[in-house]
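# Observations on chain architecture
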Amino acid sequence: MYALCDANSMYASCEKIFDPAIRDKPVVVLTNNDGCICAACHIAKRLGVGKKFIPYFQVKDDLEKAGAVIRSSNYELYADISQRMMDTCSRFAPNSHIYSIDEIFHNYDGWEPPEGWFQHARAIRRAVWTEVRLPIGVGVGPTPTLAKAANHASKRIAGYRGVAVIDNEQTRQHILQNMELTDIWGIGSRLAQRLQGLNIYTPWQLAHANPSLIRKQFSVLVESTVYELQGVVKLTWDDVKAPKKEIYSTRSFGQRILEKNLLCQALIQHAGIAAAKLRRQNSLACVAVIFATNSPHDAQGYYRKSITHRFAIPTQDTTVIANICRQAVEQIFRKGVSFYRCGVGLIDLCDKAMFQQDFFTQFTDNSNLMACMDAINMRYGRNTVHVASQGFQQKFAMRREFLSPQYTTRLSDIPRIQC
DNA sequence: TCTGGGGTCCTAGGACCC
DNA sequence: TCTGGGGTCCTAGGACCC
């Protein structure tokens, strides 16, 4: 059996933990640069002002009318709360995999809790609430896709109240009949539209579709989804935990960038973030993609330029990738373009342990330096040490107008209780 | 006044080579 | 004269997820 634990409106719930004054109010959290809505608590959703990824300025008036509390993304806080949630959840299963900042998969693989699945799931939910004050939903099922579906049910289908277990036919039918196609993991709006063309309107109907026909009309992935909905495991634990094949770090700027050296600094910063992620999964990159664009909404037209660089020797060294950024910016930068977004992608990844070193090529090995940098940044926070060429003044730092304190990660922000 | 997230995977199509 | 194959690499964009 598999379980999926998923926080309820993670970011909005994190904001409420340390701020009792907003617990009964509609709370909405914005993305980077306060661009879009990315999370809304259930009160905001009920008032109809929590639509995900809608630009903030378009709904600003509605939010004000609803009396909503607006918050900028406070990643320092969310990352810390996330870690507490994961620590608590992972105590309950022999194998876990953190799937995103607010989701963790459990793999029980032959083991069954003596108290039964429902009680077990309830215990996880209760522990996270008691220890972290974060509301979560727990879904249990015989496949990862059904565990995801059960998790959806635990929050959205009446009667489940945070815990749903698919361990019999009636429950599987009831849950799959009461969900939308797009609620299923791997089915987005386009696939749902095409499925409806084949008279498949609900996940229950999808579970009864002919797998080979689905494979022919769509892809192996959709075929796997059909099997998974039937209860046949197609996503193995290795699939769920597979290392990434590409790693990107990209961001839009708080202010448009018009200078080449600032663009270069931003790119090098992304090189550092992407390379650190790469080292964390113990991979090497054969290719780097370095790009920058203006805003697609820009009146002067869309400008996008990307440079692909193939490394002579696969690397995970920040300084090597930073050097490529320095060269690439000469080709990417164009005078007069107001740059809005840039990033670095590392693709064509291979496992470091499998890499064969070339006997004849000489190269400097910075792996000790990188390991030291990672260790310091892990201990004292990201960006404590970095390559100097990414700059020290963040002129392109993102806008975070409605930022809450870093309650748990900064000494000066620790909550005080006055007696 | 102006404002529009970030990440991963996959594929189509063009350029280029043999 | 015109047409023909197959591979690799790069680029752009679509689809999906949170």
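Residue positions are given per chain, counting from 1 as you read along its sequence in written order. Key to labels: chains lettered from A, ligands numbered from 1, both in the order written. It should be noted that, the model being predicted, local features are given only for residues of pLDDT at least 70 and side-chain atom pairs only at 80 or more, the latter also being counted only at that level, while totals for whole chains, interfaces and linings use all residues. Think of the side-chain values as coming from all heavy atoms in the structure, minus any hydrogens and water.

## What to know about the protein's contact with DNA strand C
In these notes, residues near a molecule or strand are those with any non-hydrogen atom within 4 Å of it. The environment of DNA strand C is formed by 18 residues, the closest being Lys148, Gly186, Arg190, Leu191 and Thr308. Sugar and phosphate atoms constitute 91% of the interface atoms of DNA strand C, taking the interface as everything within 4 Å of the protein. Pairs of N or O atoms are called polar contacts if they sit within 3.5 Å, as long as, within protein, a hydrogen donor faces a hydrogen acceptor (for residues adjacent in sequence, only side-chain-to-side-chain pairs). In this structure, a phosphate oxygen belonging to DNA strand C sits 3.0 Å away from a side-chain N or O atom of Arg190. In the environment of DNA strand C, a phosphate oxygen lies 3.4 Å from a nitrogen or oxygen atom belonging to the side chain of Ser306.

## Some thoughts on the nonpolar core
Nonpolar side chains tend toward joint burial in soluble globular proteins. For this analysis, a nonpolar core means a set of buried residues of the types Ala, Val, Leu, Ile, Met, Phe, Trp, Tyr and Cys, connected via side-chain atoms within 4.5 Å. With a 1.4 Å probe rolled over the protein chains alone, any residue whose accessible area is under 20% of its type maximum counts as buried; one over 50% counts as exposed, and the rest are partly exposed. Among the nonpolar cores identified, the biggest contains 50 residues, and Cys5, Leu63, Met85, Cys89, Ile124, Leu134 and Ile136 are the most heavily contacted of them. Contact criterion: two residues are considered in contact whenever any of their non-hydrogen atoms come within 4.5 Å of each other. Not counting residues up to four positions away in its chain, the partners in contact with Ile136 are Cys5, Asp6, Ala7, Asn8, Met85, Cys89, Ile124, Arg125, Val128 and Gly162. Ranked by size, the runner-up nonpolar core spans 36 residues in total, among them Ala288, Ile290, Phe311 and Cys325.

## Quick notes on the environment of Glu259
Relative to the elements of secondary structure, Glu259 occurs in the loop between strand E9 (247-257) and helix H13 (260-280). A relative accessible area of 45% places Glu259 in the partly exposed class. In this structure, the C-alpha to C-alpha distance between Glu259 and Cys372, residues 113 residues apart in sequence, is 32 Å. Helix and strand definitions follow DSSP, with helices as H or I runs of at least four residues and strands as E runs of at least two, each counted in order from the N terminus.

## Let's talk about helix H7 (residues 169-177)
Those residues of H7 not exposed but buried are Thr171, Arg172, Ile175 and Leu176. Along the axis of H7, the buried residues cluster in a sector spanning 120°; they form a single face. Residues of H7 that are buried make contact with helix H6 (144-156), strand E8 (163-165), helix H9 (203-207) and helix H11 (220-230). A distance of 3.1 Å separates the backbone nitrogen of Gln170 from a side-chain oxygen at the start of H7, and that oxygen is part of Asn168. Each C-beta atom gives one direction from the helix axis, and the arc is the one those directions make.

## Focus: the protein's contact with DNA strand B
Looking at DNA strand B, there are 22 residues lining it, with Glu246, Tyr248, Thr250, Tyr340 and Arg341 nearest. Arg251 places a side-chain nitrogen or oxygen 3.0 Å from a sugar or linking oxygen of DNA strand B. Ser252 places a polar side-chain atom, nitrogen or oxygen, 3.1 Å from a phosphate oxygen of DNA strand B. At the level of secondary structure, the elements contributing two or more residues to the surface near DNA strand B comprise E9 and strand E12 (339-351). For the surface near DNA strand B, the leading source of residues is E9, giving 7 residues. Its residues assigned to classes, the surface near DNA strand B shows 7 nonpolar, 7 polar and 8 charged. Polarity classes work like this: nonpolar for Ala, Val, Leu, Ile, Met, Phe, Trp, Tyr, Cys and Pro, charged for Asp, Glu, Lys and Arg, and polar for all others, with Gly in that last group.

## As for the domain arrangement of chain A
Start and end positions for the domains come from either an automated domain assignment or a database one. Partitioning chain A into structural domains gives domain 1 (77-238) and domain 2 (247-390). Each of domain 1 and domain 2 has a C-alpha centre, and the two are 35 Å apart.

## As for the sheet that holds strand E6 (residues 103-107)
Pairs of strands are assigned from DSSP output, requiring at least two bridges between the strands. What the 5 strands build is an open sheet, ordered E5-E6-E1-E7-E8; its pairing is mixed. Of all strands in the sheet, those with a lone pairing partner are strand E5 (95-100) and E8, marking the two edges. Adjacent strand axes in the sheet meet at a mean angle of 15°, parallel and antiparallel pairs treated alike. The pairing of strand E1 (residues 2-7) with E6 spans 5 bridges and is classified as antiparallel. Following the sheet pairing, Leu4 is matched in E6 by Phe105. With respect to the sheet, helix H4 (residues 75-90) is in contact with E1, E5, E6 and strand E7 (136-141), its orientation differing from that of E6 by roughly 15°. The axes used here are C-alpha line fits, helices contributing only the stretch in contact, and every angle between their N-to-C directions lies in the interval 0 to 180 degrees.

## Quick word on the packing of aromatic side chains
Side-chain rings of Phe, Tyr and Trp, where Trp is taken by its six-membered ring, are said to pair if the distance between their centres is within 6.5 Å; with planes under 30 degrees apart they count as stacked, over 60 as edge-to-face, and otherwise as tilted. By the definition in use, this model includes 13 aromatic pairs. Ring centres of Tyr99 and Trp185 lie 5.5 Å apart, and the angle between their planes is 90°; on these two criteria the pair is classed as edge-to-face. Here the residue Tyr99 occupies a position in strand E5, and Trp185 occupies one in the loop between H7 and helix H8 (189-196), the gap between them amounting to 86 residues. Members of the aromatic cluster, joined through ring pairs, are Tyr11, Tyr75 and Tyr78. Charge over a ring is defined by NZ of Lys or CZ of Arg lying within 6 Å of the ring centre and within 35 degrees of the ring normal. Of note, Lys234 hangs over the ring of Tyr227, and the distance from its end group to the ring centre comes to 4.7 Å. The ring of Tyr380 has Arg379 sitting right over it, with the charged end atom 4.8 Å from the ring centre.

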